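What follows is the residue order along each chain.
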Amino acid sequence: MNTSTTLSSSPQITIGDQAMTPQPLAHTTEPAASSTPSAISLRPRPRLGLGATLIGEEEKALVLDVLQRQALNRYQGGTMAAQLEEEFREVIGTRFALAVTSGTVALEVALAALGIGPGDEVIITAWGWVACFTAVVRLGALPVLAEIDDTFCLAPGEITRLANERTKAVAIVHYQGVAAAMQPLLDEAAAVGIKVIEDCAQSLGVLYHGQRVGSMGDIGTYSLQHSKTLTSGEGGMVVMNDPILYERAVRMHDLGLLRPYHEKLVERQVPAFSGSQFRMNELTAAVALAQLRKLDRLREHCRNLQQIVMSSIRDLPGLAFRHIPDPQGDTGFEVYLQLPTPAIAEAFRTRLDALNVNCHQTTGTYCHYAREYCQTGLAHTSTASPFTQFPQWPAPGYRQEDFPRTEALIHRFVALPLSALYTEEDAHYIGACIRHVHSQVMA
Ligand SMILES: *Cc1c(COP(=O)(O)O)cnc(C)c1O
């Protein structure tokens, strides 16, 4: 596949041009189609996907190189993981980057590097991906759930509200291509004296006032799983500036060892401890490296599509949008509409879907308290669960009624994922469809 043509934009087609010739849509859920101001000519549903859809000759060449050299392990003749780490830290702007096997493991390595374990508390958002919860539990620490705000990320004020003497860190997720409100969050974390983990699994390459996410806290984590911005099927990265955190992360991911490769980068300061084995293999690293070199192109492409969609819907009354703390920095692969009620959001979704507009969340993010792993509160053995300290379970802080702000947001949004394969024409069509549905649902 020629990836350069995949990302090139097709000629801009404006609403009302030939491609949009009036041809009223047979819309069964539409009682008054004749009263709609504009007619929409149905386009085929475009294919979703980010980095995974750009896999092509570059990835093949690097994978073949690994196979030809028969060097599948980074410590046995490999070069790809080291090269990936070097280019990754250049992109993110941190002193160190460490390749690991997944984004979940990246979180576990980050928590371990920070020395977090039983008796410690880690603040995470109530609305999140399962791994953010399980990683904390796996390390034996207590995940403490916080509210989100209209950024769909951690709400400023929550760190201050939830921190106590046992709180060691906050894990801030930069949700779906947008940086959280980092400055207030960093200030709060500093004020209460806790460490900051930036979970960038959904936001590789995103900027916050000129700085890449992952480079602002104490430690940053990334995922290279198939549905993320860039992918090697599975994979993860951990970044940091502090050499002691780096050495601890290296030891955690490699059986407690510090091998000659890493000794060249950092002076040995940490005594050996029992780590796990989360090393990235060279085939994975080869794919990830080829993908990383496509990051800027992907980002520009998605931002351009987002601008087209946003400029055609920004003026619509009654619609609110996701608050983006730094509008220059986001990657723009998902537009969020906030509707006045869940019923109106559902009506939008049904009608947009009928127009072949993809309008569902592309990430498995939900409220931990609504999921089985949280409702049972179990770990692999009962003694390993951090929740046994509570006389009753679910305890306050782990129930739906404890999160009014989050609950008020999450049932009335419509996510509009954009893709590496969408054209400008697709973006114009999405904008026209939203206007059309708005005129039907909110008139
Ligand atoms: C995907 C994801 C992870 C975990 O990454 P995996 O590579 O799937 O293990 C962690 N945090 C967030 C926010 C994610 O979206």
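Conventions adopted
- Residues numbered from 1 in each chain as written.
- Predicted model: local features only at pLDDT ≥ 70, side-chain atom pairs only at ≥ 80, totals over all residues.
- Heavy atoms only, no water.
- Near = heavy atom within 4 Å.
- Polar contact = N/O pair within 3.5 Å; in protein donor to acceptor, adjacent residues only side chain to side chain.
- Helix = DSSP H or I, 4+ residues; strand = E, 2+ residues; numbered from the N terminus.
- Nonpolar A, V, L, I, M, F, W, Y, C, P; charged D, E, K, R; others polar.
- Pairing = 2+ DSSP bridges.
- Axes fitted to C-alpha atoms, helices over the stretch in contact; angles between N-to-C directions.
- Contact = heavy atoms within 4.5 Å.
- 1 Å grid on protein atoms, 1.4 Å probe; cavity = no way out; pocket = protein on both sides within 12 Å on 5 of 7 lines; lining within 4 Å.
- Points joined across faces, edges and corners; volume = space filled by probe spheres on them.
- pLDDT = per-residue confidence, 0-100.
- Phe/Tyr/Trp six-rings, centres within 6.5 Å; stacked < 30°, edge-to-face > 60°.
- Buried < 20%, exposed > 50% of the residue type's maximum accessible area, 1.4 Å probe, protein only.
- Lys NZ or Arg CZ within 6 Å of the ring centre and 35° of its normal.
- Core = buried A, V, L, I, M, F, W, Y, C linked by side-chain atoms within 4.5 Å.
- Parallel < 35°, antiparallel > 145°, perpendicular 65-115°, else oblique.
- Left-handed = near helix turned anticlockwise from the far one by under 90°.

Student: Where do I start with the site of the ligand in this structure?
Tutor: Taken together, 14 residues sit near the ligand, with Gly103, Thr104, Asp199, Ser223 and Lys228 positioned nearest. The contact in question runs from an oxygen atom of the ligand to an N or O atom on the side chain of Thr104, over 2.5 Å. Elements that contribute at least two residues to the shell around the ligand include exactly helix H4 (103-113) and helix H5 (130-138). Split into classes, the residues belonging to the shell around the ligand amount to 5 nonpolar, 7 polar and 2 charged.

Student: What is the right way to read the sheet that holds strand S5 (residues 167-173) from this model?
Tutor: Strand pairs in the sheet, formed through backbone hydrogen bonds, run parallel or antiparallel to each other. What the 7 strands build is an open sheet, ordered S1-S10-S9-S6-S5-S2-S4; its pairing is mixed. Bordering the open sheet on either side are strand S1 (96-100) and strand S4 (142-146), each of which pairs with just one other strand. Along the sheet, successive strands turn relative to each other by an average axial angle of 25°, direction set aside. Strand contacts of H4: S1, strand S2 (121-125), strand S6 (195-199), strand S9 (219-223) and strand S10 (236-240), with the helix running at about 165° to S9, the strand carrying the most contacts. Of the strands in this sheet, S2, S4, S5 and S6 are in contact with H5, which crosses S4 at around 150°.

Student: Explanation requested: empty space enclosed by the protein in the structure shown.
Tutor: Here the idea is plain: a probe the size of a water molecule rolls over the atoms and shows the empty space left. Evaluated as defined, the whole model comprises 3 cavities of 30 Å³ or more. In this structure, the largest cavity spans a volume of roughly 60 Å³. In terms of lining residues, the largest cavity is bounded by Thr125, Trp127, Gly128, Trp129, Phe152, Cys153, Leu154, Val173, Tyr175, Gln202 and Thr365. Within the lining of the largest cavity, the residues separate by chemical class into 7 nonpolar, 4 polar and no charged. The volume enclosed by the second largest cavity comes to roughly 40 Å³.

Student: How do you make sense of the confidence of the model for the protein when you look at a structure like this?
Tutor: A low pLDDT means the predicted coordinates there should not be read in detail. Taken over all residues, the pLDDT of the protein has a mean of 92, while the share at 70 or more is 91%. Of the regions scoring below 50 in pLDDT, residues 1-37 engages in 55 contacts with residues more than four places distant in sequence or in other chains.

Student: For this particular structure, what's the right way to read the packing of aromatic side chains?
Tutor: Here a ring pair, both rings aromatic, is described through the centre-centre distance and the interplanar angle of the planes. Per the stated rule, a full pass over the model turns up 19 aromatic pairs. With a centroid separation of 4.7 Å and an interplanar angle of 45°, the aromatic rings of Trp393 and Tyr398 are classed as tilted. The class of Trp393 is partly exposed, set by a relative accessible area of 23%. With a relative accessible area of 5%, Tyr398 lands in the buried category. By way of ring pairs, the aromatic residues Phe133, Tyr373, Phe387, Phe390, Trp393 and Tyr398 are connected into one cluster. The positively charged end of Arg322 is found above the aromatic ring belonging to Tyr336, 5.6 Å away from the centroid. Positioned over the ring face of Tyr366 is Arg371, at 3.6 Å from the centre of the ring.

Student: Sorry, what's going on with the nonpolar core here?
Tutor: A general feature of soluble globular proteins is that nonpolar side chains tend to end up buried together. Core analysis: the largest hydrophobic core is formed by 111 residues, its most contacted members being Leu84, Phe88 and Val170. Per-element tally for this core: the top contributor is H4, with 8 residues. Contact partners of Leu84, with chain neighbours within four places excluded, come to Ala99, Met237, Met280, Ala285, Ala288, Leu289 and Leu292. If you look at the next biggest cluster of nonpolar residues, it comprises 28 residues, including Ile40, Met310, Leu319 and Leu337.

Student: Please clarify how the packing of helix H12 (residues 342-354) against helix H15 (residues 424-441) should be interpreted in this entry.
Tutor: The description of two helices packed together rests on the angle between their axes and the distance between the axes. Following both chains from N to C, one finds H12 and H15 inclined at 130°, their axes separated by 10 Å at the closest point. The angle between H12 and H15 places the two elements in the oblique class. The interaxial crossing formed by H12 with H15 has right-handed handedness. Touching Ile344, Ala347, Phe348, Arg351 and Leu352 of H12 are Cys433, Ile434, Val437, His438, Gln440 and Val441, all from H15.

Student: When you look at the pairing of S10 in this model, what are you seeing that I'm missing?
Tutor: Where a strand is regular, its side chains alternate between the two sheet faces. Burial runs high along S10: 5 of the 5 residues are buried. Alternating residues of S10 divide into Gly236, Val238 and Met240 and Met237 and Val239, and every residue in both groups is buried. Here S1 pairs with S10 via 5 bridges, running antiparallel. Opposite Phe96, over in S10, you have Met240 as the bridge partner. Where S9 meets S10, 5 bridges bridge the pair, whose relative direction is antiparallel. Looking at S10, one finds that Ile219 is bridged to Met240.

Student: Can you walk me through the packing of H4 against H5 in this structure?
Tutor: Orientation of H4 relative to H5, taken along the N-to-C sense of each, is 40°, at an axis distance of 9 Å. Here H4 lies oblique to H5, going by the angle between them. Handedness of the crossing formed by H4 with H5: right-handed. For the pair formed by H4 and H5, the contact residues are Thr104, Leu107, Glu108 and Leu111 on the first element and Ala131, Cys132, Ala135, Val136 and Arg138 on the second. Residues of the contact of H4 with H5, tallied by class, amount to 6 nonpolar, 1 polar and 2 charged.

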